[in-house]
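Breakdown of the fold
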Amino acid sequence: MVFSWVHKGLRTGVLTTRYPAVHEQMPEGFRGKPVLDPDRCLSEQGCTACVQICLPAALELKQEAPYSVRNDAAHLRSASSDCKEVVQSDEGGAGAGATQLTLDYGRCIMCGLCVQACPTGALQMTADYELAARHREDLQIVNLLEVSTEDGGTQDGGARFISPPREGEG
Amino acid sequence: MSLQLFYKHRGVEKRAEGLPVELLPLVAERISGTSAFAHSLAFCQALEHLAEVEVLPRTLYLRTLLAELERLYNHLGYQADLCQATGLTVAQAQFDLWKERVLRLNAAISGHRYLFGMNVPGGLRCDIAERGQQALRELVAALRPDLETLSRLLLASSSHRDRLETTGILTPQDACSYGAVGPIGRASGVNRDLRRDHPYAAYADIDFAIPTLQEGDALARVRIRLEETMQSLALIDQLLERLPGGAVRVPMQRLPPGGSALGWAESVHGECIHWICAGQDGTLQRYRVRPASFANWQVFSLAVPGHNILTDFPVIEQSFGLSFAGADC
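Notes on the interface of chain B and chain A
Contact with chain B, which involves 16 residues of that partner, is made by 16 residues of chain A. When residues in the side of chain B that touches chain A are grouped by element, the largest group, 7 residues, is from helix α5 (residues 89–110) of chain B. By residue class, the composition of the side of chain B that touches chain A is 10 nonpolar, 6 polar and no charged.

Here it is as structure tokens:
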């Protein structure tokens, strides 16, 4: 009988794939990490559809207080180029009611309900499953609205995932 | 042998309270990942029964098909696990190979390797396209003859079989008194299966057999699982052949305040029962779930003592194939 198992095994051959050296493509429709296109997001106009449907509260919306109620020099900086820096500081937003949309990939369960709820298709599901990170913070508190896709920024807000070593790289 | 369960207690029942209806299946799925579809199915059936929503025929058939897919990959995995316990490594690889193929098919047709996110109150989140159905047909056609070969080889491998015969016996009397469910019960003479006895989804429309044995040892459990796997393949073929057309989802209605309903499904582990009660505001007020593993872990401690030796323990554990998370929920 051992002989027959040997036969069976040899006939099947080796089916082990070469991941991570060769990337494993997931099928179409596979639910990996969601990403946001900030240009289509309506959170600044008051839309909270994704935040409301998120069961593990991975998506969070914060409205920064308008600068006029704060008595500091932050409001003197220009709104566009220093926006990221100002929003992250404790001194409040540079504009009136700056919106901060964060997605914690550590909490996300990739259910895709936020994508379904989004009225403009700003949130999209990708098939990216390589979400390992070295530190918990690298997965979270990513201001999705601050990331411009024109300057090559990634739509996941630059969450610091570890990239697996690939063949022909490095 | 004393079991110390409930380290995986997560308060699932409490978490479900007050949630909007569309989020509830997400909670039910996560009771036990390997019976996620069965749990969300039972739960959605309870919701639909409570709200008096009748799902479409295509939904019933596809739900049955996905439930059998879940049963299929689990049974293949349990054979692999048992071969690992007995050191039959080529057999383990062969069964694991088939399990992986089914998981990849799951990912292709549902977006998730473990069929999460398919059941919604009112039907299914999405349809299974013709391409997915064809892939499923091809998988079944390839698996059936290979499974026959593997079963024959497995049951003739004395290094494997000798460790299963008379090991971890659960007597029919104990199985009956302690309410063992699922394949564990059926290997010990408890001739019960929700699919036949309380049909749900499309099970009333199709033909299948429920194998039962009396010996109650690990070998009986293996044979029940092998036979159930073959039955699942036959079920999938029938369902694909007779799949009705149409949509797969109807709108969900509001839950009547104060109403309650029962939903059930035969997962790979056995009977899963979900009871829900709606509050006055239309959200879930109380959720009570009895996963199959909760019933079966109790009989596990009966099967271990006796004439079994220490090295029989992994064999007994794998032959039971129970879910810790399912028991604790």
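As for unusual backbone geometry
The omega angle of the peptide bond from Y19 of chain A to P20 of chain A is 5°, so this bond is cis rather than trans. Along the chain, P20 of chain A turns up in the loop between α1 (2–12) and β1 (34–36). Positive phi, normally seen in glycine, also occurs at M110 of chain A, with a value near 55°. One can find M110 of chain A in the loop between β3 (99–103) and α4 (113–117). The class for M110 of chain A is buried, based on 22 C-beta atoms found within 10 Å. Residues other than glycine seldom take positive phi values, yet L115 of chain B does so here, at roughly 65°. In this fold, L115 of chain B is placed in the loop between α5 and β1 (119–120). Of the residues examined, L115 of chain B has 26 C-beta atoms within 10 Å and is grouped as buried.

Some points on helix α6 (residues 130–156) of chain B
Residues and elements named next belong to chain B. Compared with the 39 Å implied by 1.5 Å per residue over 27 residues, the 39 Å span of α6 between its first and last C-alpha is a close match. Three or more residues of α6 are buried, namely L136, V140, L143, L147, L150 and L154. Elements in contact with the buried residues of α6: α5, α7 (158–161) and α11 (218–241).

Looking at the confidence of the model for chain B
Predicted coordinates in regions of low pLDDT should not be interpreted in detail. Residues and elements named next belong to chain B. When the pLDDT values of chain B are averaged, the result is 94; 100% of them are 70 or greater. Here helix α14 (residues 324–328) stands out as the element of chain B with the lowest mean pLDDT, 82, in contrast to strand β3 (residues 260–266), whose mean of 97 is the highest. As a predicted assembly, this complex carries a pTM of 0.89 together with an ipTM value of 0.87.

Conventions and cut-offs
- Residues numbered from 1 in each chain as written.
- Chains lettered and ligands numbered in written order.
- Predicted model: local features only at pLDDT ≥ 70, side-chain atom pairs only at ≥ 80, totals over all residues.
- Contact = placed C-beta atoms within 7 Å.
- Helix = DSSP H or I, 4+ residues; strand = E, 2+ residues; numbered from the N terminus.
- Nonpolar A, V, L, I, M, F, W, Y, C, P; charged D, E, K, R; others polar.
- Buried ≥ 20, exposed ≤ 12 C-beta atoms within 10 Å, placed from the backbone.
- Expected span 1.5 Å × (residues − 1).
- pLDDT = per-residue confidence, 0-100.

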